[in-house]
Amino acid sequence: MQTTSWIPFWPDAASSFAWQVDYLYIYLILVSVAFSIPIVVAIFVFGIKFHEKEKYATPDEIHGSIVLETVWSIIPFMVSMTIFLGGAIVYYNQYRLPDDGMNVYVVGKQWMWKMQHETGQREINELHVPVGTNIKITMTTEDVLHSFFIPAFRTKIDAVPGRYTYLWFNATKPGKYHLFCAEYCGLNHSGMGGYVYVMEKDDFAAWQSGNVSGQTPIEQGRDLFENKLGCASCHAGGPQQRGAKLEGIFGHDVKLVGGQTVLADEAYIRDSILNPGAKIVEGYQPIMPTFKGQVTEEQLLSLVAYIKSLSGVTGTTTTPAAAPATAKPVAPTASPAANRTNGNANAPAGGSNVNK
Ligand code: CUA
């Protein structure tokens, strides 16, 4: 970390893909310089060489040159393809979530970041993570657009209202790193930030055991489902079942009234809680009331986590894992469809990230 007060020339690099971003950036600068210098030199050389106005007023006629035109088409094409390839590789590494790792749920809110660990710890504007571990973040926002930006990790992604976006990193150096909101979101946008604390694994374990604070997302989701919101009265199964079956659906196609099918992913579960009438599962009546305005984004994340656990899926993993101890016992089924979840959700979110 920088201890001096001046602005560092190059920011800390503390994630597994930070060097890739840096190399790509250096490459872009070198390419720009390699094209800019000859242009500037040519301006001066021609300016001096052709400064006699009368002599060069009528230029010689040029009838084209196939060789020249081919060369100046192919070389820039090759150069731009290397830029494309470099960018694609970095993008692919950054926005394709690994299967294993630690899950963290993040909700942006004017003007703070709320973090929730899979193990139940909650933090505001601080995120403690172990070094050398894949950290997978599922993110949304309670109000407007925000953007989760950790410069030292060379990673940034928008938190978009009404949708989940995903980000991952693997921190390589213990330390304290700035966390920013990188999308103007109102009056206190500039104050919407904090720190990511990367800790040695032992230190993190100690932090974790010293900060147990109530329910895990799955437990909170189950509590909402069974008690506070009463979802279980229709969805729990048995003779009372009037709502669609939720066990084992995650990552699978669900048949809707009208013959369409939809992939039961995180976005679908969220939408079905807020706007239940939009996609009615085949064989059921449109009787579910909307929960819009009654549940916060944090609660929605917990409900989604719980409903996923009914299919044996935890966190943002792309393949169903074994059912955790906290989840209701359900036979986990392998689902190739689940692999589409992250791909779909990442593409647009990551795309908007590139432009900033
Ligand atoms: Cu949140 Cu800017």
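Residues numbered from 1 in each chain as written. Predicted model: local features only at pLDDT ≥ 70, side-chain atom pairs only at ≥ 80, totals over all residues. Heavy atoms only, no water.

**Q** Quick question: what am I supposed to make of unusual backbone geometry here?
**A** Note: most residues except glycine have negative phi, and most peptide bonds are trans. With omega at 0 degrees, the peptide bond leading from Q110 into W111 counts as cis. The topology assignment puts W111 in the loop between β1 (102-109) and β2 (112-117). You will see that N125, though not glycine, has its phi angle at about 60 degrees, which is positive. Of note, N125 is situated in the loop between β3 (122-124) and β4 (126-130). Positioned with a positive phi, R154 is a non-glycine residue whose angle comes to about 55 degrees. Looking at the secondary structure, you find R154 in the loop between β6 (146-150) and β7 (155-159). The exposure class assigned to R154 is buried, which follows from its relative accessible area of 12%. (Helix = DSSP H or I, 4+ residues; strand = E, 2+ residues; numbered from the N terminus. Buried < 20%, exposed > 50% of the residue type's maximum accessible area, 1.4 Å probe, protein only.)

**Q** Looking at this model, I keep getting lost on the sheet that holds strand β10 (residues 194-199). Mind explaining?
**A** Pairing is mixed across the open sheet formed by five strands, whose spatial order is β4-β10-β9-β6-β7. Single-partner strands in this sheet number two, and they are β4 and β7. Put simply, the sheet's adjacent strands are angled 20 degrees from each other on average, direction ignored. (Pairing = 2+ DSSP bridges. Axes fitted to C-alpha atoms, helices over the stretch in contact; angles between N-to-C directions.)

**Q** When you look at the pattern of salt bridges in this model, what are you seeing that I'm missing?
**A** Considering all chains together, one arrives at six salt bridges under this definition. Close ionic contact of D12 with K173 constitutes a salt bridge, the shortest N to O distance being 3.7 Å. Taken as a pair, D12 in the segment before α1 (18-49) and K173 in the loop between β8 (165-170) and β9 (175-181) lie far apart in primary sequence, 161 residues in all. Since its relative accessible area comes to 23%, D12 is described here as partly exposed. With a closest N to O distance of 2.6 Å, E297 and R270 form a salt bridge. Residue E297 is located in helix α8 (residues 297-309), and its partner R270 is located in helix α7 (residues 266-274); the two are separated by 27 residues in the primary sequence. When sorted by exposure, E297 lands in the same class as R270, which is buried. Three or more residues joined by partner-sharing salt bridges are found here, namely K114, R122 and E298. (Salt bridge = Lys/Arg side-chain N within 4 Å of Asp/Glu carboxyl O.)

**Q** Hey, could you run me through the environment of V90 in this one?
**A** Position of V90 relative to the elements: it lies in helix α3 (residues 66-95). On the basis of relative accessibility, which here comes to 11%, the residue V90 falls in the buried class. Other than its neighbours up to four places away in sequence, V90 contacts Q20, V21 and L24. (Contact = heavy atoms within 4.5 Å.)

**Q** Please explain empty space enclosed by the protein as it appears in this structure.
**A** Over the atoms rolls a probe the size of a water molecule, and its path tells where empty space is left. Considering all chains together, one arrives at two cavities of 30 Å³ or more under this definition. Estimated volume of the largest cavity: approximately 40 Å³. Taken together, Y105, T138, Y164, E266, L301, V304, A305 and K308 form the lining of the largest cavity. The element best represented in the lining of the largest cavity is α8, accounting for four residues. Tallied by class, the residues present in the lining of the largest cavity amount to five nonpolar, one polar and two charged. Split by domain, the residues of the lining of the largest cavity number at least three in each of domain 1 (102-210) and domain 2 (217-343). Taken as a whole, the second largest cavity spans an internal volume of roughly 30 Å³. Lining the second largest cavity, in full, are Y105, V107, K114, M115, Q116, E298 and L301. Among the elements of the structure, β1, β2 and α8 are those that each provide at least two residues to the lining of the second largest cavity. (1 Å grid on protein atoms, 1.4 Å probe; cavity = no way out; pocket = protein on both sides within 12 Å on 5 of 7 lines; lining within 4 Å. Points joined across faces, edges and corners; volume = space filled by probe spheres on them. Nonpolar A, V, L, I, M, F, W, Y, C, P; charged D, E, K, R; others polar. Domains from an automatic or database assignment.)

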